[in-house]
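This is what each chain is made of:
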Amino acid sequence: MRSSSSSRSRASGSSFARIAAPGIRAERLLFALSLALSAVAILSLTTPVVAVPVAGILLLGVVAWLLRYDVARATVRMPGLPRYVAVCLLAGYAWLAVAGAGWLLGGARTEGVIYDATTHAVFLGFVITMIMAHAPVILPAVLGVRIPYHVALYVPVALLQLSLLVRVVVGDAWGLTLGLRAGGIGAAVAILGFGVTVVVVLLRAGRAARTAPTRERSRGRVPA
């Protein structure tokens, strides 16, 4: 039994290592995709009709690379903070795919439903979700305050994803103004709610740290 469990752990560890280390060819591919995407972004200022669909293809290529090699594929199966970060990362990649598909199929646009969907997919679906993903990791280094993981962090993340789905599907695809309004309000509540959730988690952790020594002393007392 022990040998079989150890062999399973070695196998999972080796698979994790393969995902975490994509190899030089994969790294070169990602560099090439990123470089090409940056160049096309500059070209879109002068030739958007050609550049924007090409940017969509390249962005979909980046998303495919991330889904193939990113460590989130392994950490999503882990408990606690690693799973939370991985779920946020994968959700952000999905919104990047929505933006890439919109650029590829919709072309260069500065207004309309496709423009609305792709813009919100990038700046809310990807950027804000990435901020939510990395806040428990980055904020402690910046502010010097530890943010412990709590399952409540999932609530504003889930609300943001649902709000964006409502906006893109009901508002943009179905053309209902109510969907645009509901999606916008929901996204705003999710962003504000994330800040409130982080503050509450910090306050709870501070209270628990202050009361822990008192509990330990009370447990160590021996009645006369």
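Residues numbered from 1 in each chain as written. Predicted model: local features only at pLDDT ≥ 70, side-chain atom pairs only at ≥ 80, totals over all residues. Heavy atoms only, no water.

Caption draft 1: Region of the structure containing the nonpolar core. Ranked by internal contacts, the top residues of the largest apolar core, which has 40 residues, are Tyr84, Leu89, Met132, Leu160 and Phe194. Of all elements in the fold, only α2 (24-43), α3 (48-69), α5 (81-106), α6 (113-143), α7 (154-173) and α8 (177-220) reach the threshold of two or more residues within this core. Filtering out sequence-adjacent residues up to four positions away, Leu89 remains in contact with Asp70, Ala72, Met130 and His134. (Core = buried A, V, L, I, M, F, W, Y, C linked by side-chain atoms within 4.5 Å. Buried < 20%, exposed > 50% of the residue type's maximum accessible area, 1.4 Å probe, protein only. Helix = DSSP H or I, 4+ residues; strand = E, 2+ residues; numbered from the N terminus. Contact = heavy atoms within 4.5 Å.)

Caption draft 2: Focus on the confidence of the model for the protein chain. When pLDDT is averaged across the protein chain, the result is 87; 84% of the residues are at 70 or more. Within the protein chain, the element-level pLDDT minimum falls on helix α1 (residues 2-20), averaging 46, and the maximum on α7, averaging 97. (pLDDT = per-residue confidence, 0-100.)

Caption draft 3: Broad picture of the pattern of salt bridges. With the rule as written, the count across this model stands at 1 salt bridge. With a shortest N-O distance of 2.9 Å, Asp116 and Arg167 are connected by a salt bridge. Placement of the pair is Asp116 in helix α6 and Arg167 in helix α7, with a sequence separation of 51 residues. Classification of Arg167 by relative accessible area gives buried; the value is 13%. (Salt bridge = Lys/Arg side-chain N within 4 Å of Asp/Glu carboxyl O.)

Caption draft 4: Quick look at the environment of Ser34. Relative to the elements of secondary structure, Ser34 occurs in helix α2. With relative accessibility at 32%, the residue Ser34 sits in the partly exposed group. Considering only alpha carbons, one finds Ser34 and Gly61, 27 residues apart in sequence, at a separation of 9.5 Å.

Caption draft 5: View of the side chain of Asp70. On the secondary structure map, Asp70 appears in the loop between α3 and α4 (72-75). Despite its burial, Asp70 remains without a salt bridge, the nearest opposite charge being carried by Arg73 at 8.6 Å. A distance of 3.0 Å separates the side chain of Asp70 from the side chain of Tyr93, its partner in a polar contact. (Lys, Arg positive; Asp, Glu negative; His and termini not counted. Polar contact = N/O pair within 3.5 Å; in protein donor to acceptor, adjacent residues only side chain to side chain.)

Caption draft 6: Molecular detail of the packing of aromatic side chains. Evaluation of the coordinates by the stated rule reveals 4 aromatic pairs. Taking 5.3 Å as the distance between ring centres and 85° as the angle between the ring planes, the aromatic pair formed by Tyr84 and Tyr154 counts as edge-to-face. With Tyr84 in helix α5 and Tyr154 in helix α7, this residue pair connects regions lying 70 residues apart in the sequence. With a relative accessible area of 0%, Tyr84 lands in the buried category. Where Tyr149 meets Tyr154, the ring centres are 6.5 Å apart and the plane angle is 90°; that geometry is what we call edge-to-face. Owing to a relative accessible area of 31%, Tyr149 belongs among the partly exposed residues under this scheme. Lying over the aromatic face of Tyr69, Arg68 brings its terminal NZ or CZ to 4.7 Å of the ring centre. (Phe/Tyr/Trp six-rings, centres within 6.5 Å; stacked < 30°, edge-to-face > 60°. Lys NZ or Arg CZ within 6 Å of the ring centre and 35° of its normal.)

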